[in-house]
Amino acid sequence: MNKALKANERELIKLIRFFSKRAEQLTENEELSEDQQQLTQACQNLEKQLLQHADNRAAILDKRTRLEKLIEDNAQCPKCQKADMLKKQAVTTNEHGWKLNTYRCRRCNTGFTWNRPNNPWHMMAFLEQYIKELEESLEHGIEPSLRLQTETAIPQLQDSLFRLRPVLQDSDDEVEALTEKEREMDKLIHQFKNYLLIEKIKLDTYQE
């Protein structure tokens, strides 16, 4: 069975396939009534819908996971300035609510928090603030060499932000739509599962 299915979806599909198998037997014996045929068709349609929804959910969540891993820290130990012996230890949150990675350098036995967000959503907020700080620095007068570097850096950062923002917004919209669809599907699954269980009980009683 499709690994992307949730537990309640798998349970319903097992019920659906029970009724589908029964319908096949009734068809062979030419005993399939119109009501049973309609139920079988509804079951088949719902199974197809469940499988399609599961695949769609898996694709959206996979895309979301890949986006979450988009940011590479390039962290360096503040003591030895090297990265080869760093071990990621945990994730912490700073005063802005941004998630940051904490590391320990096994060479220096030094623990530290890398001062960059570990995900693109918080990195976007970081870039917005950083660009603002650079623009403010130009207004207050800085050394000519730093001014040139800053004036060059700002458009590059703005371009990164321009390209990042719509990608993240699309992902947020997809996840929001998926969450709403999940609520609808869970309600449908609950109702249809209860209906099929009642039909199965009636069938078992009749057969006895």
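This text gives an overview of the structure that appears in the document. Since the model is a prediction, treat every value here as computed from it, not as a measurement.

Some thoughts on the nonpolar core
Here's step 1: Counting 16 residues, the largest nonpolar core has Leu127 and Leu168 as the members making the most contacts within it.
Here's step 2: If you list the elements that add at least two residues to this core, you get helix H3 (120–139) and helix H4 (144–207).
Here's step 3: Looking at this core element by element, the count peaks at eight residues for H3.
Here's step 4: In this structure, Leu12, Phe19, Cys43 and Leu50 belong to the second largest nonpolar core, which totals 15 residues.

A closer look at the pattern of salt bridges
Here's step 1: Throughout the structure, instances matching the rule amount to 14 salt bridges.
Here's step 2: The partner of Arg57 in a salt bridge is Glu9, with the nearest N and O atoms 2.8 Å apart. In this pair, Arg57 is assigned in helix H2 (residues 34–68) and Glu9 in helix H1 (residues 7–28), connecting sequence segments 48 residues apart. In this pair, the class of Arg57 matches that of Glu9, namely buried.

Focus on H1
Here's step 1: Taking 1.5 Å as the rise per residue, H1 with 22 residues should run 32 Å; its terminal C-alpha atoms sit 32 Å apart, in good agreement.
Here's step 2: Following H1 by one or two positions, Glu30 adopts a phi angle in the positive range, close to 55°.

Considering a negative patch on the surface
Here's step 1: Taken together, Glu133, Glu135, Glu136 and Glu139 make up a surface patch of like negative charges.
Here's step 2: Relative to the elements of secondary structure, Glu136 occurs in helix H3.
Here's step 3: For Glu136, a relative accessible area of 36% translates into the label partly exposed.

Focus on the sheet that holds strand E3 (residues 110–117)
Here's step 1: In spatial order, the strands read E1-E2-E3; together these three strands make up an open sheet with antiparallel pairing. Looking at which strands have only one partner, the edges of the open sheet turn out to be strand E1 (86–93) and E3. Direction aside, neighbouring strands of the sheet carry axes that sit 30° apart on average.
Here's step 2: Where E1 lies against strand E2 (residues 99–105), seven bridges are found, and the strand directions are antiparallel. Residue pairing for E2: Val91 is matched across the bridge by Asn101.
Here's step 3: Contacts between H3 and the sheet are confined to E2 and E3, with E3 contributing the most and set at about 75° to the helix.

Comments concerning the packing of H1 against H2
Here's step 1: With their axes 9 Å apart at the nearest point, H1 and H2 run at an angle of 145° to one another. For the pair H1 and H2, the crossing hand works out as left-handed. Note on element contacts: H2 touches H1 through Gln36, Leu39, Thr40, Cys43, Gln44, Leu46, Glu47, Leu50, Leu51, His53, Ala54 and Arg57, opposite Glu9, Leu12, Ile13, Ile16, Arg17, Phe19, Ser20, Arg22, Ala23 and Leu26.

Rules and cut-offs
Residues numbered from 1 in each chain as written. Predicted model: local features only at pLDDT ≥ 70, side-chain atom pairs only at ≥ 80, totals over all residues. Heavy atoms only, no water. Core = buried A, V, L, I, M, F, W, Y, C linked by side-chain atoms within 4.5 Å. Buried < 20%, exposed > 50% of the residue type's maximum accessible area, 1.4 Å probe, protein only. Helix = DSSP H or I, 4+ residues; strand = E, 2+ residues; numbered from the N terminus. Salt bridge = Lys/Arg side-chain N within 4 Å of Asp/Glu carboxyl O. Expected span 1.5 Å × (residues − 1). Patch = residues over 30% accessible without salt bridge, like charges linked within 9 Å, V, L, I, M, F, W, Y side chains within 5 Å. Areas by Shrake-Rupley, 256 points an atom, 1.4 Å probe, with all protein chains shown as cover. Lys, Arg positive; Asp, Glu negative; His and termini not counted. Charge placed at Lys NZ, Arg CZ, Asp CG, Glu CD. Pairing = 2+ DSSP bridges. Axes fitted to C-alpha atoms, helices over the stretch in contact; angles between N-to-C directions. Contact = heavy atoms within 4.5 Å. Left-handed = near helix turned anticlockwise from the far one by under 90°.

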